[in-house]
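Overview (structure and organization)
The residues making up each chain are set out below.
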Amino acid sequence: MPRPQALPSHLARAPFFTVAQAREAGLTPGRLRSGDLVTPTRGLRQRAAAAADAAAGEEDPVLARVRIMAAALPADGAFSHLTAARLLDLPTPRAWQAGEPVQVMRATGTPLVVRDGCVGHRGLESRGVVVHRGVRVVDPLNTLADLAGWALDDLVAAADVVAARFPDAWVEHMPRVMARRRGGRGVARLRQAVALARPASASAWESKARVAFGLWGLPEPELNVDVLDGDGCWLARPDFVWRAAHVVAEYDGDQHRTDRRAWQYERERRAGLEDAGWAYVELTALTLTQPDLRERLRRRLQAYLTARCA
């Protein structure tokens with residue numbers, strides 16, 4: 001089989017190119033069907049070798065996919081919903097997987113985006129748009145509102161991050177964003193999540209734990225504050241502190257299992273707190289999600305907080 005005609009240098013160097021660009025460069029329809037090219041989406045071509053390199057490389061796969069799709073989508077659109085959350089580095093309920101469709105929004109009255117690998121939405125005229133990482137994205141406040149169908153703890157985790165990163169906009173503009181969604185899908189959950197948002201939360205799992213505490217009727221803890229001993233010496237900065245009850249709780253992520261130094265540090269810190277009279281409660285993803293362990297955690301916290309506040 002003869003080797004395919006060499007691509008013009010400007011197309012060979014590009015991460016991808018449009019069919020229109022290829023035709024302007026003199027490539028035939030047959031050349032565009034050659035095995036050394038792939039079709040990431042209708043109207044685009046990419047060298048198969050470049051696609052393989054990108055898949056094996058360190059570039060953010062979400063951003064790589066979005067940049068390709070942006071070249072084929074109307075210029076007046078913006079990435080929205082889950083795609084926007086991923087681009088804005090908000091915590092999401094699930095990790096990105098190859099093949100996940102991108103979500104894009106245009107103004108009401110314009111044609112809905114209909115394309116393989118895309119989910120189209122309308123309503124961009126009532127949302128702000130930012131250019132982030134080189135692509136147009138619905139702004140963080142409106143992205144949060146668009147995700148109001150998520151479970152409450154997932155939505156609170158995202159709200160905590162938005163409130164922490166954009167404190168001025170959160171205070172000044174979030175009430176207006178919610179007012180514009182009056183009567184919309186998930187608006188009650190959105191209001192609840194906004195009310196529960198705490199910018200001091202340090203991780204998505206800490207946010208989820210705090211939502212569980214509220215559902216269990218526990219008093220709201222302080223978040224990530226210093227704890228001192230009776231002589232005023234620093235002991236720790238736990239994730240959750242119930243100061244009146246002398247109870248702290250810590251979420252231990254996977255790094256505490258895989259990093260021996262981190263594990264040892266946590267053990268020493270816990271011993272110091274307990275020696276100073278604090279009750280220490282350890283949380284993990286399992287204790288927050290497995291029903292029997294979650295119930296055991298609830299009972300333990302309630303018992304500590306009740307007994308030590310009596």
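See above for the structure.
Because the structure is predicted, anything quoted here is derived from the model rather than measured.

Calculation criteria
Residues numbered from 1 in each chain as written. Predicted model: local features only at pLDDT ≥ 70, side-chain atom pairs only at ≥ 80, totals over all residues. Heavy atoms only, no water. Salt bridge = Lys/Arg side-chain N within 4 Å of Asp/Glu carboxyl O. Helix = DSSP H or I, 4+ residues; strand = E, 2+ residues; numbered from the N terminus. Buried < 20%, exposed > 50% of the residue type's maximum accessible area, 1.4 Å probe, protein only. Expected span 1.5 Å × (residues − 1). Bend = angle between axes of the 7 residues up to and from the residue. Contact = heavy atoms within 4.5 Å. Pairing = 2+ DSSP bridges. Patch = residues over 30% accessible without salt bridge, like charges linked within 9 Å, V, L, I, M, F, W, Y side chains within 5 Å. Areas by Shrake-Rupley, 256 points an atom, 1.4 Å probe, with all protein chains shown as cover.

Examining the pattern of salt bridges
Considering all chains together, one arrives at 18 salt bridges under this definition. Among the salt bridges present, the one from Asp226 reaches Arg237, with a minimum N-O distance of 3.1 Å. Residue Asp226 is found in the loop between strand E9 (222-223) and strand E10 (227-228), and its partner Arg237 is found in the loop between strand E11 (234-236) and strand E12 (240-242); the two are separated by eleven residues along the sequence. Owing to a relative accessible area of 38%, Asp226 belongs among the partly exposed residues under this scheme. Look at the salt bridges and you will find they share partners, linking Asp60, Asp89 and Arg133 into a network.

Comments concerning helix H9 (residues 167-180)
Compared with the 20 Å implied by 1.5 Å per residue over 14 residues, the 20 Å span of H9 between its first and last C-alpha is a close match. The largest bend along H9 reaches roughly 50° and is located at His173, with the proline Pro175 sitting one to four residues downstream. Buried within H9 are the following residues: Trp170, Met174, Val177 and Met178. As for H9, its buried residues are in contact with helix H7 (140-146), helix H8 (152-165) and helix H10 (187-196).

Digging into the pairing of strand E3 (residues 44-47)
Pairing of strand E1 (residues 17-18) with E3 involves two bridges; the strand directions are antiparallel. Counterpart to Phe17 in the pairing with E3 is Arg45. Bridge analysis of strand E2 (residues 37-38) against E3 gives two bridges, and the strand direction is antiparallel. Each bridged residue has a counterpart across the sheet, and for Leu37 the counterpart in E3 is Arg47. Taking the residues that link successive antiparallel strands as the turn, the E2-E3 hairpin has five residues, and the phi of Gly43 there is positive, at about 90°.

Section: helix H11 (residues 204-215)
The terminal C-alpha atoms of H11 lie 17 Å apart, and with twelve residues this matches the ideal 16 Å at 1.5 Å per residue to within 8%. Where H11 ends, the next residue or the one after it, Gly217, has phi of about 80°, a positive value.

Let's talk about the sheet that holds E2
Strand order in the open sheet formed by three strands is E1-E3-E2, with antiparallel pairing between adjacent strands. Looking at the sheet topology across the chains shown, the edges are occupied by E1 and E2.

Let's talk about a nonpolar patch on the surface
Taken together, the side chains of Leu228, Trp234 and Tyr265 make up a nonpolar region of the molecular surface, amounting to roughly 330 Å² of accessible area. You can see Tyr265 is positioned in helix H13 (residues 260-275). A relative accessible area of 44% means that Tyr265 is categorised as partly exposed.

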